[in-house]
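# Overview (structure and organization)
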Amino acid sequence: MSFFQENFNKISTLKIAAKEEAGYRECQVGAAWATLAHFTSSKSPALISMPTGSGKTALMMILSFLLKADRVFIIEPVVILRDQTAKKFASLKDLREAGLYIGSSENPKVHNNTGKITNIEMWQEFRAYDAIVATPHTMSPEYEGICAPPDDLLTQDTLLFVDEAHHSSAKTWRRLIKSFRKCKVVLLTATPFRNDKRRLMAKLIYHYPMHRAIKSSIYSKIKYHNVICQEPKNKNRELSEKAKRVFEDHRKKYPGARLLVRAEGVKHSKKLLDLYTDIGLKIKEVNYKKTLSENQNTLEELKKGNLDGIICIDQIGEGLDVPSLKVAVLHKPKQSFPATIQFIGRICRKTSEDAGEPQLIACADDVKGRLRQLYLRDNAWEELIPELIDKIIDRSTKRVKFHEFADIDVAVDILPEDLEPFFSVRVYNVTNIKRLNLDTEFELDRKTDVVFRELSDNGEWLTVITETERNIPWASKVDLKTLRFDLHVFYLCNNKKLFFEYTTADSIASEIRKYLGENSLKRLEASEITNAIRAADSEYLMLGLSSLAKSSGSLPSYKTYMGNQIENAIRITDGRTFIPGHALARYPEGKTRGIGCFQGRVWSIKRGPINEFIEWCDDVAKCLSQGREGKLPNVEFLSTGRSIKKFPSSPYMIYCFWDPRLSVTMYNSKKSKCQIESISFSTFKLSNDKKTLLGNLLIHCKDETQKVKYKYSLRSPYWDFGEKTISLIVDKGDGGETVDLKDFLAMYPPVIFLKDGGIVKGGTLYSTSTDLKLSDNFLDSKRDWSKCDIYVEFEDVKKNRKPLEGFLTIHDQLEEWLKEEAKNSQTLIIKDHSTGEIADFITLNFELNLVSFYHCKACTVSKKPGARICELKALEQALRSINYVSSRSLLKEISQRIDSGTRKNTKLIKGDRETLEKNKDHFRGNEWDYEVIMVSPGLDCSEALKRKGTRTLLASCYEWLASANARFRVIGIESSKAAYGGKGIKDVRGKK
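Residues numbered from 1 in each chain as written. Predicted model: local features only at pLDDT ≥ 70, side-chain atom pairs only at ≥ 80, totals over all residues. Heavy atoms only, no water.

Attention now moves to the overall build of the protein. Each helix and strand in the protein was counted, giving 24 helices and 46 strands. Sequence-distant contacts, at least 24 apart, represent 69% of the contacts inside the protein between residues at least 6 apart. Carbon and sulfur atoms provide 46% of the accessible area of the protein, an area that totals close to 44,300 Å². (Helix = DSSP H or I, 4+ residues; strand = E, 2+ residues; numbered from the N terminus. Contact = heavy atoms within 4.5 Å. Areas by Shrake-Rupley, 256 points an atom, 1.4 Å probe, with all protein chains shown as cover.)

Below you can see the structure in the form of structure tokens.
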């Protein structure tokens, strides 16, 4: 039997001693009974909160006897406290002096552990001891090389005490405590919470209020001396001089008093040592850079009166057992409330020594936040600290229902059945079940901790709760943080063919998914997710339509219909340009079911416990497995596309857009935050197997553009940027969250326009109608190109690009025609040819209220005019004109471009400036008509509509522009036999 088991009856009966008598303190009796009661009904760790100096070490000894411990392990945060506690346990000094232990002079065998425990044999050596005192650095398996304790060493009668337990939420402490889960675990602290309100790893079973500690004379009232610094640079000297005056005045009355100086770190401590030595005080340092013997010698000198005081840092000052430290000076007050309580507890504790009342010297200007009120008036310490502690403790005990610690991996204890997720999931096909593992270990970024994790008995669903520290959006310039807890549920169902993901934080779920086996998952495409809505009896409460073309003043990128039976409001013509984005249906029994096409999402307007959530997922899985054609019921004319494994043709444009309500930012090369204005794709090359695109994308911020290489695949996760990580901050108005660029592009998939008229979005192909009847004036083939070099769009002297002698460039030819057509009207003609142009030419006809955008391209070099797709290169520019259709700021934009000194080629070539200026502020874009004209003399109009690929692209562009309320026209050449000029052809004069 152990020492504590053999001598448990030698401990005095638990009885509160009178105020002036030796014996048990009130808080020790309360904590002991609470602990005994706790372990009669629970195996979970117990948390005891008692003020600093109230006898926590003695309580550990008392509980070791009362719980009949076969072996006791005590964990201290630092070496000096480890040594201090080991000495007390080895002599039972506190119990003997208080008359609480009536046994013989024999003492327990105590081991003061100094080295790392690297193997099982070292653990087995502890069998020879009754108590082992250590630090986490030597015993926690979280540290590399440290071995976890063997199961046969620990029993239900083994006790683990964690002193100064406000450190226990750190990973090293957490891992250590977890390795002792078989034992009785007791955590002791003066502050059972951190400054960020993070709960500790145990149930708070007992809290002794500070106001009772003051009333029962455990604590003395503190006197505060505020120092108003005249010169910030001399603050340390002013504080030290004030401290010397207070200390010397105090010591005249109480010779046993000593000085405690708090420094920010070791470097700061050395500077303060020199400063206090200069003003005539005998001071030495106590810190972790010193050896144990050096620190012990310093404390002995202090107790003997050979020193006036000591300088300590951080944890070193938390558990120092030197009652004579009564005058404290804070050269850098802690902004943490718990750390402040720990520090002032050192000087407030009552002592039999003649040391007087505690004195505190600090500068109030150094303190921010709620602690500042403590430093602004003398009586705040007595009145406010007990009140603040009690309020926080009260909130903490009401927060959660605790779970048995041994069952699951938790830092906060919650019953899974008490969780109620919203019924909303993202759904994936499982492509390789062997690579998917819900039981794998994972660690997230440094700002996010996993505080709860449980895997179901059948291994099919995993529940995770994460905790993230965030800045507060409205207090970004002050030191205020908030904690956000997020719930994540992952469910593998339908014979392990489907994977469901619920989350309240997409970015965190994405990180977890990587560990579970992201490469084994493929998110459901739009054509698959629509099967989640039953066809027979549904009616729609909401339908969202996403535009495949670019948004403009007349064409929204997204539009939503809401109401009863709103499917009747959707027109067949919407099917030309819009596809389903999301839908919410209602069934006769009142249930709802919604889908998000581009994110593989399914939801219902419902919240419920986990078991109901799993049943709902099973019902969704049944619907998804029906294998119907991917169409939305009752609006089948809206294309939901089809999933593809290969690109049917090459792309000729990629367009990226996202919800305009979002604020999307990133850190630029100067490490400052900048708003992202747009993302464009400068190059795109289709791989030989037609499964991937390779190229460069450009992230455009206000002051710079970042170039990034990409690889796009037709299956999730779609985007690959190699080893480069690009992080965006996406703010919906809640402070924002950091999202990887590839996840952002998966949430807001770019639109890829193909040369065959198809569109790819999120791995889904949407086909465009090719049987559209084009208007009679769609093709303009009657132009005379005989005086134009059709191979030169514009003259560039630097690049030696000029037309054949005697011929005009395409720009010059078009300008001549436009001036001729507008000579008797009030039409303005603007040339805007340059990088970032609106169009090569823009005409504003104020009589017809007509805006025309002209985009020019030269004929392919060394080729005769024909119906080749390469002659449609101007289509991409033509589609970009949608940005300006119905735009109220069009005239202002043109005016600014003309005035800008950086755009030499933007100029007004017909009309007066006064007309433009007079109308720009009153221009109503929706009252004008628009047309977009592609000028391409390399296009043979007689053959263009006969060639399928060419006709398809022209028809698609016609549709997209028509949906944006703009007419589309093409100025080409009548045929390859028509007269034209240019180099690269034998008969450049058209004599063919």
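Packing of helix α10 (residues 235-253) against helix α11 (residues 266-278) leaves a shortest axis separation of 10 Å and a crossing angle of 50 degrees. The angle between α10 and α11 places the two elements in the oblique class. α11 is crossed by α10, and the crossing has right-handed handedness. For the pair α10 and α11, contact is made by Asn236, Arg237, Leu239, Ser240 and Ala243 and by His268, Leu272, Leu275, Tyr276 and Asp278, respectively. Along the lines of polarity and charge, the residues of the contact of α10 with α11 split into 5 nonpolar, 3 polar and 2 charged. (Axes fitted to C-alpha atoms, helices over the stretch in contact; angles between N-to-C directions. Parallel < 35°, antiparallel > 145°, perpendicular 65-115°, else oblique. Left-handed = near helix turned anticlockwise from the far one by under 90°. Nonpolar A, V, L, I, M, F, W, Y, C, P; charged D, E, K, R; others polar.)

What the 7 strands build is an open sheet, ordered β38-β45-β44-β42-β41-β40-β43; its pairing is mixed. The strands lining the two open edges of the sheet, one partner per strand, are β38 (779-780) and β43 (906-910). (Pairing = 2+ DSSP bridges.)

Our next topic: unusual backbone geometry. A positive phi angle is found at Lys671, which is not glycine, with a value near 65 degrees. Unlike most non-glycine residues, Asn800 shows phi in positive territory, near 55 degrees. Within the secondary structure layout, Asn800 lies in the loop between β39 (785-789) and α19 (810-821). Classification of Asn800 by relative accessible area gives exposed; the value is 59%. (Buried < 20%, exposed > 50% of the residue type's maximum accessible area, 1.4 Å probe, protein only.)

With 5 of its 5 residues buried, strand β5 (residues 158-162) lies for the most part within the structure. Along β5, one buried face is formed by Thr158, Leu160 and Val162 and the opposite face, lined by Leu159 and Phe161, is buried too. In this sheet, β5 lies alongside strand β2 (residues 71-75) in parallel orientation, the contact comprising 5 bridges. Paired with Ile75 across the strands is Val162, a residue of β5. The sheet contact formed by β5 and strand β6 (residues 184-189) spans 4 bridges and is parallel. Looking at β6, one finds that Val162 is bridged to Leu187.

Take the packing of aromatic side chains next. Counted under the stated rule, the structure contains 30 aromatic pairs. Summarising the aromatic geometry, the rings of Phe423 and Phe613 are spaced 5.7 Å apart at their centres and angled 70 degrees between planes, so their arrangement reads as edge-to-face. Of this pair, Phe423 sits in strand β15 (residues 422-430) while Phe613 sits in helix α17 (residues 610-624), and the two are 190 residues apart along the sequence. Of the residues examined, Phe613 reaches a relative accessible area of 1% and is grouped as buried. For the cation-ring pair, Arg783 lies above Trp817, with the distance from its terminal atom to the ring centre recorded as 4.9 Å. A cation sits over an aromatic face here: Arg801 above Phe794, 5.1 Å from the ring centre. (Phe/Tyr/Trp six-rings, centres within 6.5 Å; stacked < 30°, edge-to-face > 60°. Lys NZ or Arg CZ within 6 Å of the ring centre and 35° of its normal.)

Moving on, we get to the packing of helix α4 (residues 79-91) against helix α12 (residues 292-304). Interaxial distance between α4 and α12 falls to 10 Å at its minimum, and their mutual angle equals 65 degrees. One way to sum up the angle between α4 and α12 is to call them roughly perpendicular. Crossing angle aside, the handedness with which α4 passes α12 is right-handed. Between α4 and α12, the residues in contact are Val79, Ile80, Arg82, Asp83 and Lys87 and Leu292, Asn295, Gln296 and Leu299, respectively. Class assignment for the residues of the contact of α4 with α12 results in 4 nonpolar, 2 polar and 3 charged.

What follows concerns the nonpolar core. In this structure, Phe500, Leu844, Phe853 and Phe968 are the most contacted members of the largest nonpolar core, which totals 96 residues. A per-element tally of this core places α17 first, with 8 residues. With residues near it in sequence (within four places) discarded, Phe853 still touches Ile838, Ala839, Phe841, Ile842, Ser881, Tyr884, Leu890, Tyr930, Glu931, Val932 and Ile933. In terms of nonpolar packing, the next biggest core, distinct from the first, is built from 41 residues, Phe3, Leu14, Val133 and Tyr206 among them. (Core = buried A, V, L, I, M, F, W, Y, C linked by side-chain atoms within 4.5 Å.)

By the definition in use, this model includes 35 salt bridges. In this structure, Glu518 and Arg513 form a salt bridge, with 3.6 Å as the shortest nitrogen-oxygen distance. Comparing Glu518 with Arg513 shows no difference in burial state: the two are buried. For Asp832, the salt bridge is made with Arg897, and the minimal N-O distance between the two is 2.9 Å. In this pair, Asp832 is assigned in strand β40 (residues 828-832) and Arg897 in helix α21 (residues 890-899), connecting sequence segments 65 residues apart. Just as Asp832 is buried, Arg897 falls in that class too. (Salt bridge = Lys/Arg side-chain N within 4 Å of Asp/Glu carboxyl O.)

A separate point is helix α15 (residues 506-517). Taking 1.5 Å as the rise per residue, α15 with 12 residues should run 16 Å; its terminal C-alpha atoms sit 16 Å apart, in good agreement. Within α15, 9 of the 12 residues are buried, which leaves it mostly tucked inside the rest of the structure. Residues of α15 that are buried include every one of Asp506, Ser507, Ile508, Ala509, Ser510, Ile512, Arg513, Leu516 and Gly517, and no others. (Expected span 1.5 Å × (residues − 1).)

This part takes up the sheet that holds strand β7 (residues 203-207). Reading across the sheet, the 7 strands line up as β3-β4-β2-β5-β6-β1-β7 and stay open at both edges, with parallel pairing between neighbours. Of all the strands in the sheet, the pair left with one neighbour each is β3 (110-112) and β7. Geometrically, the sheet is characterised by an average inter-axis angle of 20 degrees between neighbouring strands, direction not taken into account. Relative to strand β4 (residues 131-134), β2 runs parallel, the two sharing 4 bridges. Paired with Ile74 across the two strands is Val133, which belongs to β4. Taken strand by strand, helix α2 (residues 26-41) contacts β1 (46-49), β6 and β7, and its axis lies near 150 degrees from that of β7. Lying on the sheet, α4 is in contact with β2, β3 and β4; it crosses β3 at an angle near 165 degrees.

Structural remark: α-helix, 3.6 residues per turn; residues separated by three or four positions point the same way. Burial within helix α3 (residues 56-66) is extensive, with 10 of its 11 residues counted as buried. Turning to α3, its buried residues are Lys56, Thr57, Ala58, Leu59, Met60, Met61, Ile62, Leu63, Ser64 and Phe65. Taken from the residues just after α3, Lys68 is the one with a positive phi, measuring 50 degrees.

Once that is clear, we can look at a positive patch on the surface. On the surface, a cluster of positive charge is contributed by Lys645, Lys646, Lys690 and Lys691. Among the secondary structure elements, Lys690 is positioned in the loop between β29 (673-686) and β30 (692-701). (Patch = residues over 30% accessible without salt bridge, like charges linked within 9 Å, V, L, I, M, F, W, Y side chains within 5 Å. Lys, Arg positive; Asp, Glu negative; His and termini not counted. Charge placed at Lys NZ, Arg CZ, Asp CG, Glu CD.)

Averaged over the protein, the pLDDT score is 82; the fraction of residues at 70 or greater is 84%. Confidence drops under a pLDDT of 50 for residues 194-199, and excluding neighbours within four residues, the segment shows 26 contacts in the predicted structure. For residues 984-992, every residue scores under 50 in pLDDT, and the model assigns this stretch 21 contacts once sequence neighbours within four places are set aside. (pLDDT = per-residue confidence, 0-100.)

As for its position among the elements, Ser424 is in strand β15. Separated by 3.1 Å, the side chains of Ser424 and Arg601 make a polar contact. Beyond its immediate stretch of four places on either side in the chain, Ser424 contacts Glu501, Tyr502, Arg601, Val602, Trp603, Phe613 and Trp616. (Polar contact = N/O pair within 3.5 Å; in protein donor to acceptor, adjacent residues only side chain to side chain.)

This model, assessed by the stated rule, comprises 0 disulfides. For the unlinked cysteine Cys617, the closest cysteine sulfur is that of Cys493, found at 6.5 Å. Taking the relative accessible area as the measure of exposure, Cys617 reaches 0% and is therefore buried. (Disulfide = S-S within 2.5 Å.)

Locating Ser42 in the fold gives a position in the loop between α2 and β1. Accessibility expressed as a relative area gives 13% for Ser42, which makes it buried. Distance in space between the C-alpha atoms of Ser42 and Lys184 is 9.6 Å, their sequence separation being 142 residues. A polar contact is formed between the side chain of Ser42 and the side chain of Ser44, at a distance of 2.7 Å.

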